Amino acid sequence: MGTRHVSTFWRHYQIVVCAGTGGVGKTTVAAAIALAAARAGKRTLAMTIDPSRRLAYALGQHTIDNLEHPVAPEALREAGVELQAPLHVLVPDVRRTFDELIERSPLAAARKAQLLNNRIYQHFSSALAGSQEYAAIEKLYQVHQSGHYDLIVLDTPPSQNAVDFLEAPGRVLDFLENETLQWLVKPASATRFPRRTLGVGTAFFWRTLGSMTGGETLRELADFILSFREMYDGFRTRAAQVRSLLRSPQLAFTLVTSPAENQRHAMLHFYDELCAQGIIPRAVMVNRVHPMPPWGVSTTDAITAATRLLEPLDPEVTFQIIEAIKEEWLIAHHDSQALKELEARVHPTELVALPEQRQDVHDLVGLAPLQALFCADRGPTKS
Ligand SMILES: Nc1ncnc2c1ncn2[C@@H]1O[C@H](COP(=O)(O)OP(=O)(O)O)[C@@H](O)[C@H]1O
Ligand SMILES: [Mg+2]
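On a predicted model such as this, the values are computed, not experimentally measured, just so you know.

Participant: What exactly am I supposed to notice about the site of ligand 1 here?
Facilitator: Within the structure, ligand 1 sits among 19 residues, and Gly 25, Lys 26, Thr 27, Thr 28 and Gln 357 are positioned closest to it. Residue assignment for the shell around ligand 1 shows that the elements contributing at least two residues are α1 (26-39) and β8 (283-289). Of all the elements, α1 adds the most residues to the shell around ligand 1, at three residues.

The following block contains the structure:
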């Protein structure tokens, strides 16, 4: 298949997740794909859980409120970008996402209000391991279910392994299925677990309770357990649905890396982790590739020609210029070797090369050349 310099792999999916270590360009790639898709007429949502908010800022969005905001048409016009379909940006908020889950639950209105104000709930919604990731996937599930979008592009925070993110719903499920919680939330007759169950999960409860003070604590615990009892089954079903969305064939995982050896190594670690979970990444983006200088001649011939041209200059200046040309060629050569190695290693996953831009990419104008690499009009070319 070869390395692609233009790719429209996203056309085959409803969700594209950009994952990888920090600083490689996940946010940039997510924004570029989202722009390309909206330009191609797909109703697109760019969603970011990267705490740096670069995606939201690059798309001109500064409000973080768990709502879907359209990218301002003026900002697009200024950048010379014309969309065929609306592009929205969403920055999910953990607390609000959990609150929405409660608001939509079958609890009575008074019970909902009580639960939302409950300090134990407030603590649980943010302190539970993986709750950040879980909230993000829950929000992803909601917007996907809404049917408002043809494509959702999710930009993830920098992480050491891809599994953290994938396992968030599993961790929530484990917590919900934990013996202690079952014992606490299920009516005594329904539970298989007798009172002797003071196992691992209990520690979490007592730690949480221990961090709270005030005479209200016990009443709040009772309320929390009572409300949770009514929501339990619904919540568990939802966590299972959310989990299966991550493995759905409509969702494409893409891994972003740079040509640098340590970054490629980290990306391949992610790649193998995903494959071990039965999820084959659909594309690997190699960002910031230095293209071969467009000489169309061999390096030796180019250097000979350049030396002749530079003859009238100070020999020291000539030397420096020639060295710079060689350096550029060496980097480009290194990057092209790196692409070849990766291509063989991740086959049959599509490998996409994104060139290093001369300027930092931080807004719609800067994104314009990169988004073009995800548009169909230029067609794929082989390296
Ligand atoms: N192809 C590129 N050419 C030049 N600069 C880039 C390119 N891709 C990303 N950058 C710059 O690299 C930095 C990190 O990119 P970012 O997308 O925020 O990475 P991540 O989300 O993986 O942490 C940003 O300053 C961005 O503008
Ligand atoms: Mg980022």
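The rest of the description comes next.
Participant: How should I be thinking about unusual backbone geometry in this particular structure?
Facilitator: Excluding glycine, most residues fall at negative phi; most peptide bonds, likewise, are trans. Residue Pro 348 is reached from His 347 by a cis peptide bond, and omega for that bond is 10°. Here Arg 288, not a glycine, exhibits a phi torsion of approximately 65°, which is positive. Here Arg 288 lies in strand β8. On the neighbour-count criterion, Arg 288 (19 C-beta atoms within 10 Å) is partly exposed.

Participant: Whenever I open this one, the environment of Ala 136 confuses me. Can you help?
Facilitator: You can see Ala 136 is positioned in helix α7 (residues 131-146). Excluding its chain neighbours within four sequence positions, the residues that come into contact with Ala 136 are Ile 49 and Pro 92.

Participant: Could you clarify how one ought to interpret the packing of α1 against helix α15 (residues 364-371) in this entry?
Facilitator: A pair of packed helices is characterised by two quantities: the angle between their axes and the separation of those axes. α15 packs onto α1 with a crossing angle of 75° between their chain directions and a minimal axis gap of 9 Å. Relative to α15, the element α1 is oriented roughly perpendicular. In this structure, α1 uses Thr 28, Ala 31, Ala 32, Leu 35, Ala 36 and Arg 39 to contact α15, whose residues at the interface are Leu 367, Leu 370 and Gln 371.

Participant: Explanation requested: the nonpolar core in the structure shown.
Facilitator: One recurring pattern in soluble globular proteins is that nonpolar side chains are buried together. If you look at the biggest cluster of nonpolar residues, it comprises 80 residues, and the most contacted ones within it are Ile 33, Ala 46 and Val 153. Considering every element that reaches this core, the biggest residue donor is α1, with ten residues. Beyond its immediate stretch of four places on either side in the chain, Ile 33 contacts Trp 10, Val 16, Val 153 and Phe 374.

Participant: Help me out: how do you make sense of the sheet that holds strand β9 (residues 350-355) in this one?
Facilitator: Pairing between the strands of a sheet comes from backbone hydrogen bonds, and it takes one of two forms, parallel or antiparallel. The nine strands lie next to each other as β1-β9-β8-β7-β2-β6-β3-β5-β4, forming an open sheet whose pairing is mixed. In this open sheet, the two strands that pair with only one neighbour each are β1 (3-4) and β4 (69-70). Judged from the four bridges that link them, strand β2 (residues 15-19) and strand β6 (residues 151-155) form a sheet pairing that is parallel. Residue pairing across strands places Val 17 opposite Leu 154, the latter belonging to β6.

Conventions and cut-offs
Residues numbered from 1 in each chain as written. Chains lettered and ligands numbered in written order. Predicted model: local features only at pLDDT ≥ 70, side-chain atom pairs only at ≥ 80, totals over all residues. Near = placed C-beta within 6 Å. Helix = DSSP H or I, 4+ residues; strand = E, 2+ residues; numbered from the N terminus. Buried ≥ 20, exposed ≤ 12 C-beta atoms within 10 Å, placed from the backbone. Contact = placed C-beta atoms within 7 Å. Axes fitted to C-alpha atoms, helices over the stretch in contact; angles between N-to-C directions. Parallel < 35°, antiparallel > 145°, perpendicular 65-115°, else oblique. Core = buried A, V, L, I, M, F, W, Y, C linked by C-beta atoms within 7 Å. Pairing = 2+ DSSP bridges.

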